[in-house]
Amino acid sequence: VHNYTTLMVARALIGITVGININVIGVFFATRVSSKRVKIQAYSAAKCFWAAGAGWIAVLGYFLIERVGWRVFIIFTSIPMAIPAILMLHFYYTSESQDEERV
């Protein structure tokens, strides 16, 4: 990053994608869960994992930023944000294509 403005724009984009990711997971759970009890458990598990992930990133940052630098740290901590989106798209399109084949 060449200057402070670029850093702030990059951090804002990461924040926006995190917010979008949380909403997409909520909609995905709401449309794909079989019962209300399972939906409540899934929401609780998702919120626990989000909280644990936030704590884990803080611990990793404390120990690793001085060793690897903040640029590498941001790259490594941003990559896992794509995993839920990839998994949801895979399962969504798989189930929808199977439903069309049955008709």
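Refer to the preceding data block for the structure.
So, a few notes on the structure that sits alongside this text. (Residues numbered from 1 in each chain as written. Predicted model: local features only at pLDDT ≥ 70, side-chain atom pairs only at ≥ 80, totals over all residues. Heavy atoms only, no water.)

In this section: the overall build of the protein. In terms of helices and strands, the protein carries four helices and zero strands. Expressed as a percentage of the 103 residues in the protein, the buried residues total 10%. In the protein, of all internal contacts separated by at least 6 residues, the share reaching a separation of at least 24 is 61%. As displayed, the protein offers around 8200 Å² of accessible surface, 70% of which is attributable to carbon and sulfur atoms. (Helix = DSSP H or I, 4+ residues; strand = E, 2+ residues; numbered from the N terminus. Buried < 20%, exposed > 50% of the residue type's maximum accessible area, 1.4 Å probe, protein only. Contact = heavy atoms within 4.5 Å. Areas by Shrake-Rupley, 256 points an atom, 1.4 Å probe, with all protein chains shown as cover.)

Running from N to C, helix 2 (residues 36-68) and helix 3 (residues 70-78) cross one another at 140 degrees; their axes reach a closest spacing of 8 Å. Between helix 2 and helix 3, the angle is such that the two are oblique. Between helix 2 and helix 3 lies a crossing of right-handed hand. Residues I57, L60, G61, L64, I65 and V68 of helix 2 form the contact with helix 3, whose own contacting residues are W70, V72, F73 and T77. In terms of residue class, the contact of helix 2 with helix 3 is built from eight nonpolar, two polar and no charged. (Axes fitted to C-alpha atoms, helices over the stretch in contact; angles between N-to-C directions. Parallel < 35°, antiparallel > 145°, perpendicular 65-115°, else oblique. Left-handed = near helix turned anticlockwise from the far one by under 90°. Nonpolar A, V, L, I, M, F, W, Y, C, P; charged D, E, K, R; others polar.)

With that settled, consider a nonpolar patch on the surface. A cluster of nonpolar side chains, namely V9, L13, I16, I20 and V24, defines an oily patch on the protein surface of about 440 Å² accessible area. Along the chain, V9 falls in helix 1 (residues 4-32). (Patch = residues over 30% accessible without salt bridge, like charges linked within 9 Å, V, L, I, M, F, W, Y side chains within 5 Å. Salt bridge = Lys/Arg side-chain N within 4 Å of Asp/Glu carboxyl O.)

Attention shifts here to the environment of T77. Relative to the helices and strands, T77 resides in helix 3. The class of T77 is partly exposed, set by a relative accessible area of 22%. In terms of polar contacts, T77 uses its side chain to reach the backbone carbonyl oxygen of I74, at 3.3 Å. (Polar contact = N/O pair within 3.5 Å; in protein donor to acceptor, adjacent residues only side chain to side chain.)

Worth remembering: the numbers are spatial, not functional.
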